[in-house]
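Topology and contacts: notes
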Amino acid sequence: ASVSDAWLATDERAAAHLDDALAVLQGPDQVGFVEVGSPLVARGRVACAGDGAADWAADWAGITDVWVSPDHRRQGLGLVVLDALVEWAAERGATTAYLQVRADNAPARALYDALGFRTHHTYRYLAAPAGQ
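Each value, and the rule that gives it
- Residues numbered from 1 in each chain as written.
- Predicted model: local features only at pLDDT ≥ 70, side-chain atom pairs only at ≥ 80, totals over all residues.
- Heavy atoms only, no water.
- Phe/Tyr/Trp six-rings, centres within 6.5 Å; stacked < 30°, edge-to-face > 60°.
- Helix = DSSP H or I, 4+ residues; strand = E, 2+ residues; numbered from the N terminus.
- Buried < 20%, exposed > 50% of the residue type's maximum accessible area, 1.4 Å probe, protein only.
- Lys NZ or Arg CZ within 6 Å of the ring centre and 35° of its normal.
- Core = buried A, V, L, I, M, F, W, Y, C linked by side-chain atoms within 4.5 Å.
- Contact = heavy atoms within 4.5 Å.

Our focus in this paragraph is the packing of aromatic side chains. Both the distance between ring centres and the angle between the ring planes are used here to describe each pair of aromatic rings. By the definition in use, this model includes four aromatic pairs. Their ring planes at 50° and their centres at 6.1 Å tell us that W60 and Y98 sit as a pair that is tilted. Remark: Y98 occurs in strand β4 (residues 96-99) and W60 occurs in strand β3 (residues 60-68); sequence separation between them is 38 residues. Judged by its relative accessible area of 40%, Y98 is partly exposed. Relative to F117, the ring of Y112 lies with its centre 6.2 Å away and its plane at 75°, an arrangement referred to as edge-to-face. Like Y112, the residue F117 is buried in the burial classification. The ring of W7 has R43 sitting right over it, with the charged end atom 4.2 Å from the ring centre.

Now the structure itself:
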């Protein structure tokens, strides 16, 4: 239910904004983290919404921050991480999953497509003009 130092060390954005990252990553009541290897070569995060079957959102598992070390890609570790995340969520009552992935991460998107995930929507980011 809490993110480890090894897990955080693989995420440059989290390291740059540690307090905010910890609040977001560990914020949900039901959150799990997966780590593969020592040293860490793959990881992921899942959060389940709601507090049980009476809550419509309890069915959903949100998968984020799946990462595999560049030196260990194409070896099935992404599947290992996803399997552990989905199993963790299923144990808590989730039967439906969604995941977030960067649009420019073609290898991950190919894996997720092969597993039956489909693009539901995309994000757009706004940035302040230079100098502000």
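There's more to say after this.
Attention now moves to the nonpolar core. Within the largest apolar cluster, 20 residues are counted, with the highest numbers of intra-cluster contacts made by V36, V46 and A89. Listing elements by their share of this core, those giving two or more residues are β1 (30-36), β2 (42-48), β3, α4 (77-91) and α5 (106-114). Looking at this core, the element that brings in the most residues is α4, giving six residues. The residues touching A89, leaving out its near neighbours within four places in the chain, are V46, C48, A61 and A94. Judged by nonpolar contacts, the second largest core, of nine residues, contains W7, L8, L25 and F33.

Geometry only, nothing functional implied.
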